[in-house]
Amino acid sequence: REIDDLCDPDLDDRIDTAVIRLVEREHEGVRHWIVQFPSTKSWHPRPGVAPNDLTADLVIGAEHEATITRAALAAMREAGIAPGEPVVLAGFSLGGMVAAQVAARAHAAGFSVTHLVVAGSPLGRLPIPGGVRTLAIEHVLDLVPRIDGRENPVRLDLDGSEVLVTVKAGPALSPGFRLGALHQAIAYADTA
């Protein structure tokens with residue numbers, strides 16, 4: 001949610017933007033990276049200034065490369081992520097879709113994506129490369145993870161361990177809840 005709060009889709013005095021967060025950590029002399037992507041911030045049917053809008057959802061859903069995916073790969077290059085440095089990609093909703101699309105293009109771009117962590121994202125039609133360990137969190141009544149019409153595939157590593165794990169959860173529902181409340185970053189953070 002912190003990333004989404006830095007974006008500005010509501011036409012006030014701040015510039016509309018998409019924030020991609022890159023966190024660098026060093027462990028035993030090796031740099032490790034976490035790259036986090038924003039969710040959809042504009043639902044207008046026409047493309048906006050920021051690349052995390054409804055257009056990106058539709059472009060990725062149609063299995064084409066979105067502008068935000070190209071921006072993400074450029075941000076990773078600019079940050080200086082070197083070949084062989086482990087990278088974890090993470091995102092909520094559209095951010096998870098972008099993370100999956102970046103994972104699919106990472107090897108060709110010279111990045112070593114090891115893990116993918118998403119919440120509330122439809123992954124059923126997105127190709128996730130073998131060897132990328134994936135955790136997908138879905139609320140059972142959230143329609144967004146099912147919008148692609150497919151369940152996430154079960155993928156096994158060469159040793160037989162699962163590399164794509166989908167956790168379906170039923171968060172606590174307050175009286176008078178609305179279905180839209182299940183597709184919020186805060187609700188997914190509580191579930192995680």
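This section reports on the structure supplied with the text. (Residues numbered from 1 in each chain as written. Predicted model: local features only at pLDDT ≥ 70, side-chain atom pairs only at ≥ 80, totals over all residues. Heavy atoms only, no water.)

### Let's talk about the overall build of the protein
Per the secondary structure count, the protein includes five helices and seven strands. Along the chain direction, N to C, the helices and strands of the protein fall in the order α-β-β-α-α-β-α-β-β-β-β-α. A compact globule built from 192 residues should have a C-alpha radius of gyration of about 16 Å, and the protein, at 16 Å, falls within 12% of that. Sequence separation of at least 24 residues holds for 61% of the intrachain contacts in the protein that already meet a minimum separation of 6. Surface summary for the protein: the accessible area is close to 10,400 Å², and the carbon and sulfur share equals 57%. With 17 positive and 25 negative side-chain charges, the protein shows a separation of 4 Å between the mean positions of the two kinds. (Helix = DSSP H or I, 4+ residues; strand = E, 2+ residues; numbered from the N terminus. Rg over C-alpha atoms; globule rule 2.2 N^0.38 Å. Contact = heavy atoms within 4.5 Å. Areas by Shrake-Rupley, 256 points an atom, 1.4 Å probe, with all protein chains shown as cover. Lys, Arg positive; Asp, Glu negative; His and termini not counted. Charge placed at Lys NZ, Arg CZ, Asp CG, Glu CD.)

### Some details on the packing of helix H2 (residues 54–61) against helix H4 (residues 94–109)
Relative to each other, H2 and H4 sit at 45 degrees, their axes nearing to 10 Å. One way to sum up the angle between H2 and H4 is to call them oblique. The handedness of the crossing between H2 and H4 is left-handed. In contact with Ala-56, Asp-57, Ile-60 and Gly-61 of H2, H4 contributes Leu-94, Met-97, Val-98 and Gln-101. Looking at the contact of H2 with H4 residue by residue, the classes come out as five nonpolar, two polar and one charged. (Axes fitted to C-alpha atoms, helices over the stretch in contact; angles between N-to-C directions. Parallel < 35°, antiparallel > 145°, perpendicular 65-115°, else oblique. Left-handed = near helix turned anticlockwise from the far one by under 90°. Nonpolar A, V, L, I, M, F, W, Y, C, P; charged D, E, K, R; others polar.)

### Some details on the packing of helix H3 (residues 67–79) against H4
Where H3 meets H4, the axes come as close as 10 Å, and the angle between the chain directions of the two elements is 50 degrees. Accordingly, the angle class assigned to the pair H3 and H4 is oblique. The handedness of the crossing between H3 and H4 comes out as right-handed. Here Ile-68, Thr-69, Ala-72, Leu-73, Met-76 and Arg-77 of H3 lie close against H4, whose contacting residues are Val-98, Gln-101, Val-102, Arg-105 and Ala-109.

### A look at unusual backbone geometry
A positive phi angle is found at Glu-63, which is not glycine, with a value near 65 degrees. By the secondary structure assignment, Glu-63 is in the loop between H2 and H3. By relative accessible area, Glu-63 is classed as exposed at 51%. (Buried < 20%, exposed > 50% of the residue type's maximum accessible area, 1.4 Å probe, protein only.)

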